[in-house]
Structure formats: structure tokens, C-alpha cells
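# Structural characterization, general
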Amino acid sequence: MVQPTDSPILSVENLRVDFATFAGPVHAIRDVSFTLNKGETLAIVGESGSGKSVTVRSIMGLLANNARIVAGRIMFQDADILKNTKRQLNALRGNDIAMIFQDPMTSLDPTMPIGKQVAEPLRLHTSISEKKALAEAVRVLQLVGIQDAAERLKDYPHQFSGGQRQRIVIAMAIITQPQILLADEPTTALDVTIQAQIIHLLKEIQATTGTSIIFITHDLGVVAGIADRVAVMYAGKIVEYGMVDEIFYNPQHPYTWGLLEAMPTLTTSADRLYTIPGTPPDLLAPPPGDAFAPRNPFAMQIDLAEQPPFFPVSPTHAAATWLLHPAAPQVTLPPEIARRRQIWAARFAH
Amino acid sequence: MTNDSVTTSAKRPVLVQVDHLVQTFNPGKKDEVKAVQDISFSIYQGETLGLVGESGSGKTTTGRSLIRLYQPTGGDVLFAGQNIARLRTGSPAMRDFRRKVQMIFQDPYASLNPRMKVKDIIAEGIDIHHLAASAADRDNRVNALLAQVGLNQDHANRYPHEFSGGQRQRIGIARALAVEPEFIIADEPISALDVSIQAQVVNLLKDIQAKQGLTYLFIAHDLAMVKYISDRIAVMHNGRLVELASADEVYNHPLHPYTKSLLSAIPIPDPAIERQRTPLVYDPREAEDNRPRQLVAVYPEHYVWAAADEVAAYQAAAVRQHREER
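Fair warning: this is a prediction, and the values are worked out from it, not measured in the lab. (Residues numbered from 1 in each chain as written. Chains lettered and ligands numbered in written order. Predicted model: local features only at pLDDT ≥ 70, side-chain atom pairs only at ≥ 80, totals over all residues.)

Moving on, we come to unusual backbone geometry. Residues and elements named next belong to chain B. Of note, A80 is a non-glycine position whose phi angle comes to about 50°, a positive value. By the element assignment, A80 lies in the loop between β4 (74–79) and β5 (82–83). Even without being glycine, N238 reaches a positive phi, approximately 50°. In this fold, N238 is placed in the loop between β9 (232–237) and β10 (240–246). When the 17 C-beta atoms within 10 Å are taken as the criterion, N238 is described as partly exposed. (Helix = DSSP H or I, 4+ residues; strand = E, 2+ residues; numbered from the N terminus. Buried ≥ 20, exposed ≤ 12 C-beta atoms within 10 Å, placed from the backbone.)

Bringing the pairing of strand β3 (residues 41–45) of chain A into the picture now. All names here are of chain A. In terms of burial, β3 is largely enclosed, as 5 of its 5 residues are buried. With burial as the criterion, each face of β3 is covered, one bearing T41, A43 and V45 and the other bearing L42 and I44. The pairing of β3 with strand β8 (residues 212–217) spans 5 bridges and is parallel. From the neighbouring strand, T41 faces β8, where its bridge partner is I213. (Pairing = 2+ DSSP bridges.)

When the parts of a complex come together, some accessible area is lost, and that lost area is often used as the size of the interface. Residues and elements named next belong to chain A. Each assigned domain of chain A is listed here: domain 1 (8–232) and domain 2 (250–349). With centres defined by C-alpha atoms, the gap from domain 1 to domain 2 works out at 30 Å. With 10 residues of domain 1 in contact, the opposing surface of domain 2 contributes 10 residues. The leading source of residues in the side of domain 1 that touches domain 2 is strand β2 (residues 24–37), at 5 residues. The residue makeup of the side of domain 1 that touches domain 2, split by class, is 5 nonpolar, 3 polar and 2 charged. (Domains from an automatic or database assignment. Contact = placed C-beta atoms within 7 Å. Nonpolar A, V, L, I, M, F, W, Y, C, P; charged D, E, K, R; others polar.)

Once that is clear, we can look at the interface of chain A and chain B. Across the boundary between the two partners, chain A contributes 32 residues, which contact 28 residues of chain B. If you list the elements that add at least two residues to the side of chain A that touches chain B, you get α7 (192–209), α8 (220–226), α9 (244–249) and α10 (254–262) of chain A. Per-element accounting of the side of chain A that touches chain B gives the leading share, 5 residues, to α8(A). Classifying every residue of the side of chain A that touches chain B by side-chain character gives 16 nonpolar, 11 polar and 5 charged.

With that out of the way, let us pick up the confidence of the model for chain B. Residues and elements named next belong to chain B. Across chain B, pLDDT averages 90, with 97% of residues at or above 70. Below pLDDT 50 for its whole length, residues 1–6 participates in 7 contacts with residues either more than four positions away or in separate chains. Interface confidence for the predicted complex, given as ipTM, is 0.84, next to a pTM of 0.87. (pLDDT = per-residue confidence, 0-100.)

Right, let's talk about the packing of helix α4 (residues 118–128) of chain B against helix α6 (residues 165–177) of chain B for a bit. Residues and elements named next belong to chain B. Two elements in contact, α4 and α6, have axes separated by 7 Å at closest approach and are oriented at 30°. Judged by the inter-axis angle, α4 sits roughly parallel to α6. Viewed along their axes, α4 and α6 form a crossing whose handedness is right-handed. From α4, V118, I121, I122 and G125 reach across to α6, where they touch I171, A174 and R175. Grouping the constituent residues of the contact of α4 with α6 by class yields 5 nonpolar, 1 polar and 1 charged. (Axes fitted to C-alpha atoms, helices over the stretch in contact; angles between N-to-C directions. Parallel < 35°, antiparallel > 145°, perpendicular 65-115°, else oblique. Left-handed = near helix turned anticlockwise from the far one by under 90°.)

The subject of this paragraph is the sheet that holds strand β7 (residues 183–187) of chain B. Residue and element names in this part refer to chain B. Within the open sheet, the 8 strands sit side by side as β6-β7-β8-β3-β9-β10-β12-β11. Their pairing is mixed. A strand with exactly one partner marks an edge of an open sheet, and here the two such strands are β6 (101–104) and β11 (294–299). Going from strand to strand, the sheet's axes swing by 20° on average, the running direction of each strand aside. Note that β10 and strand β12 (residues 302–306) share 2 bridges and pair antiparallel. If you follow L244 over to β12, its bridge partner there is Y303. Helix α10 (residues 257–264) rests against β9 and β10 of the sheet, and its axis sits at about 105° to β9.

So, on to the UniProt feature "domain: ABC transporter" (unreviewed entry) in chain B. In the UniProt entry, the feature "domain: ABC transporter" (unreviewed entry) is given for residues 16–263 of chain B. As annotated, residues 16–263 of chain B has a helix share of 38% and a strand share of 25%, and its two end C-alpha atoms lie 27 Å apart. (UniProt positions renumbered as here; feature names shortened; annotations may be inferred.)

Our focus in this paragraph is the nonpolar core. Residues and elements named next belong to chain A. Membership of the largest hydrophobic core comes to 187 residues, with the highest contact counts inside it found for V118, A137, A171, I214 and V230. In this structure, this core is formed jointly by two domains, domain 1 (8–232) and domain 2 (250–349), each of which donates at least three residues. Non-local contacts of V230, meaning those with residues more than four positions away in its chain, are made with A43, V45, V223, Y241, G242, V244 and I247. (Core = buried A, V, L, I, M, F, W, Y, C linked by C-beta atoms within 7 Å.)

Residue and element names in this part refer to chain B. Examined against the element boundaries, I229 turns out to sit in helix α8 (residues 223–229). Taking the number of C-beta atoms within 10 Å as the measure of exposure, I229 has 21 and is therefore buried. Spatially, the C-alpha atoms of I229 and V202 are 7.3 Å apart, while their sequence positions differ by 27 residues. Leaving out residues up to four positions away in the same chain, I229 has contacts with T48, G50, V202, L205, K206 and F218.

This part takes up the pairing of strand β3 (residues 48–52) of chain B. Residue and element names in this part refer to chain B. Summarising burial for β3: 5 of the 5 residues are buried, a large majority. Of the two faces of β3, both are covered, the one formed by T48, G50 and V52 as well as the one formed by L49 and L51. Pairing of β3 with strand β8 (residues 215–220), which is carried by 5 bridges, proceeds in the parallel orientation. When the sheet's bridge partners are listed, G50 is paired in β8 with F218. Strand direction decides the pairing type here: β3 and β9, joined by 4 bridges, are parallel. Bridged to G50 within β9 is I233.

Moving on: the environment of A:D191. With respect to the helices and strands, A:D191 occurs in the loop between β7 (180–184) and α7. On the neighbour-count criterion, A:D191 (20 C-beta atoms within 10 Å) is buried. The contact partners of A:D191, leaving out residues within four places of it in the chain, are B:E54, B:S55 and B:H221.

Before going further, it helps to spend a moment on the environment of B:F183. All names here are of chain B. Relative to the helices and strands, F183 resides in strand β7. On the basis of neighbour count, F183 is assigned to the buried category, with 21 C-beta atoms found within 10 Å. Once the C-alpha coordinates of F183 and A136 are considered, the two residues, 47 residues apart in sequence, prove to be 27 Å apart. Setting aside residues no more than four positions away along its own chain, F183 makes contact with L15, V16, K100, V101 and T215.

Once that is clear, we can look at the sheet that holds strand β9 (residues 229–234) of chain A. Residue and element names in this part refer to chain A. The strand order β6-β7-β8-β3-β9-β10-β12-β11 describes an open sheet built from 8 strands, whose pairing is mixed. Whereas interior strands pair on both sides, the edge strands pair on one side only; in this sheet they are β6 (97–100) and β11 (311–314). On average, adjacent strands in this sheet sit at an angle of 20° to one another, irrespective of strand direction. The sheet contact formed by strand β10 (residues 237–243) and strand β12 (residues 317–319) spans 2 bridges and is antiparallel. What sits directly across from E240, in β12, is A319.

Now the structure itself:
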């Protein structure tokens, strides 16, 4: 059993990404910094358009043609990935860093047998023979739970169900024993029962290989089940990060509160569900202050004018909200958040 | 075999009655698919019935059979007492049925014609059914519908691509409401939306129901949201209805092994609960051998798909669960 550690394997520093559009540059990532520790799972949560996918695509060098990295570094093995040549990048991705995409229907080649597809990263990155690569493909396909893998190597993706296809995608990602797995909503397209199996599988792989995982999702239920640490993104920025318990039981940013409140649980019986009022800002012209301020019932004057810095809550937990400033007034917490804080307080009492 | 009295409470008026519905695609051919295999249930006037199950369980096919997008292979579907399986295409009765029953689709990107203005998308049904007295009346109706779903009049002259996923789903809802329906089938209407937007759309659907007394069939695989919106829940697996009861009953006292496995897989936004999760794996051999089974009431208003010799065990389990709760 491999435990998560505190030693960073990847660090993203002050990343800024713009997209060129006819209306001008869209500031999709606005100064994002975080580290990924060896052997841990970091979940990045946020709504569509918050920049979570763009962040991991920057790591893989998979941004669209109209994207421009304006500033920042992505450090991996003492080198800046963003300075890599195409050749260096190709040596890295699919080998040291592998990615699992959301849609298993479109991330497999429908015209290539699955054995060849799963073995392809090994053939590209090592000088292994085709026969040995296929034998290795059988091994990882068995590992991810594809039955009769040896007999099914010549089958095509359409002969498998959605859940099986996602297992095949995962097999392809882990065949090179990557140090980092980037999983972009890998379970969003799957049924809950299959989702539970895939999450269990990723945890098992991590426990045996010590792979570090960045897991992107908008489902906080999934985050609670898989993450060691969590980063919450809003409008191209990280607004709060911390250990999974810190985010779920001691959340500080009103946006994190809104996300937690909007999730119905099986015990929700209120007449109406909580919704976050308004819509995310236009990133063509991001607002000067806290981007969440116009939708934030707890916003103060300063939120509209000045961007809040990160205020530390613990050595592992920080949030960018002026509510944590010593001069900020005490606010009455929403009931759901007060309930979660009580769990947190009870734990400290022990 | 099930009959009307089995899945119907005598006290409440029934709007939709499904009797032994069978839907087989390519019958008799090599690629025959038995999508729905002999299911019976009813939907009460004014209620929301949630229909849950995994992909391929037949829940969407059931919804489409109820709106007569498919001609049933066997069985009857009664809407307000009228057998819709026998309606002739183009007949006045069929046209009336098509107005009274509307559908909201899963994919807000694929279900709106990208080349039509929003006002024409919404008014298409109004035009077909000649509901507007004049052009001004048509515009007034469209504006009222836009306001009802939380959009404004300026949106009427725009095209679908100018809207976000949540806004498009609102347009889809306005289109369904335009013809003053009685029954709405919502096929995974929130699956493609972000969590905070899902809550907005669900609130909207609830508000509309409260105001207009609509009846909903809400098809979904997000079980937390289904529990929240539904009065009763039907669980489907492999084309069969395996359990049917009130929402609280299904969640608090599930009896069929498939329902139990489905509930055990729901992720809960609480790390302490998640760390203790043990998903139950459902083995279809447990409850789907080829013995004759039917939907049986094993507790008041709680139905399970069971063989004759399994009924007693289910009844005992239901009684035990309820006693433990007290």
C-alpha cells in the first residue's frame, strides 16, 4: 500500500492562459498555482468554464490553436514543461504523464483493435516487440477488469459497453506506468454503479503503483470519495484549496459554500433547492475584484474593488475571500455550512 | 400477472395507465432487442413519478412508448382512459393527444433547431395546433412563456447557439409548456448540466407543476435529484420494473437487490461517509433466473418484482425494516 506524501511531483506556478477570439482575448486561466504531491489524488472542482480542463490540458500541451500561455511555469522533474520542444513533450505524454478523457466513446479509435490501441503507448515510448507489448496489454486489461482479455485483443471498441471502454482507456493510460494520471471527468458519462467501480479501480491502481492523480469533476460526491486534497476553481482562478476534510467540513469561500448547498443529499426535503444566483462573469473582461462578488450574498464593498489574496486557514488550507480578513464582519453561515462546521468542531474536540 | 388493482391506489385519479407494455426492436430477427419486457404501472394525476435505472435498462424506451414515438409491440398505454396504442396517425384524437403530452429532452444542444429563432422554436406547437388567435397573440404567448421560465423578451429573436446549456433547457421547457400540456415526460433533463444549474432547472420544474397541476414522468440516473423531485419512484433493470414505491420508501427501505446496489453506489458529498462506502455488487442471477415473476405488493404501496416463493421473504424484510426504523 503506497501512501500519499508531501513531496511535490508537479507544480503549476502563476499560470495564465488566454484564448484569442474575434471579440478579443478571453482570460481563461488567471494566475493559477498549485502543487501535486507524489502518490496523492488532487481533485479540481468547478462549473463549466471555470478553467479546470484548460489547466490540465496546459500540462499535457493539448491546448487549442487559439490558446496562448501568457505567463507561468509547470515544473516536472526539475524542468519547465512549457519550455519543452514538441519532441520532448511527445516523450513525456503518454509515458510519464497520461490522460483519461471524459468520453470513452470518442477517446478510442473505432477502427483499431483494442489490443493494438492499449499497447500503442509502449510501442511508441519503448523498443519493446509487438508480441511483448500485446502481452503487456493483456496484463493491464486484466488489471482493469476486462474478462478474457487475451481473446478480446482483436475486438473493436464498439464491441464493448461504455464502462468497459472507460476501463480500456484507463488500461491504455497506465500501461507505461506513468507518474501522473490526469483524469478529466472520467466518470461523468457513466452510470452511478459503473462510476463506483471505476473510482474503486483508480484507487486500487494508485495504492499499488503510487501514481499521482489529478481528478477533474463537478460532482462533489465523487470528490468526497476519491480526493486527498481539493482545489476549487471559479472564473479562471483557484478560490480555495485544502485537504478533503477541510473543504467539506470547514469551507471558507462563499463559492465553495454555494456548491455544497446546491447538492441535494438523500435527506434533503426542503421545498426548494439552493441555487447560486446569477451567472459566471464574462472572462473577456473579468471584474476587478473577487469574480464571485456579484453572485455572493456575503459580498462586501471591497469584494467588488479588490482581488482578495489567499488567507491561510491551516498549513494545508487557504481561501481567497475577504471574509477571512481580521477586519471582516462575522457572517451568519447558511444552515448546511453551519451543519458541516459542527462536524468539524466535534472532531477537534476529540 | 399484474392487474390494475395491483399497482393502483383506489383513492387517487390515474392519468396514465401502462398495462403489460412490451417494446421489442427488430422482432424475430437476429438483432432482436427486448427493450421493455411486460411492465405495468400507473401515474397519478398531479404526481411526479421518477423512473431510474442504468443505461440500457429501458427507461428511455418506456418514456418514448408513453408518448407514442414507438408503436408498442404488446400491451396497452391508457392516457386519461384512452388507449393511445390504438390511435391512428393524423386522427383528431391523435393530434389532441400530441398536444396534451409533451417531452423535455436530455441534450439541450441537440434538441433545439440551430437555424430557428427562439420564438419560432417555442411557437412551433402553437402554430401546429392553431392555439394563437393572431400574430400579436402568438407573440404575447411566447413572451409570457419566456418570463415563466426565467428568460426575457429580448431572447425571443435570438438563436440557440447564443445561450448556455441551462438557458437552452429553459427554452426546451417553454416549448413543452407552449401547448398547455397535462403530462410532461422529462428524459434526463438535467444530466448534461452543472450541479448549480441542475438545481435551478429542478426548482423551475417544481414551480411550474405547483402552479399548473402538471403530471411528470422524470427519467434520470442521478438518484439524489430524483428522490428530491419525485413523489414515487420506479426502478428499471433489463427492461423490467423491479421495484416501485414512494420516494422515501425506495430510499429508506429498498428491497430488490438491484435497487440496493443502485443506492449503495450514489456518491455522497461527505468524506467520512465516502470512506465507509461499500458498494453492493448486483448479481442478476440473484433475481433474474427464468422463473415467472411479477410485481407484487409486499408492503402497502410498495411493489417488488418477485417469484411466488420470494414474496414471503420480501414481506418479512419490509416489516423488519419498518420495525427497526421505529
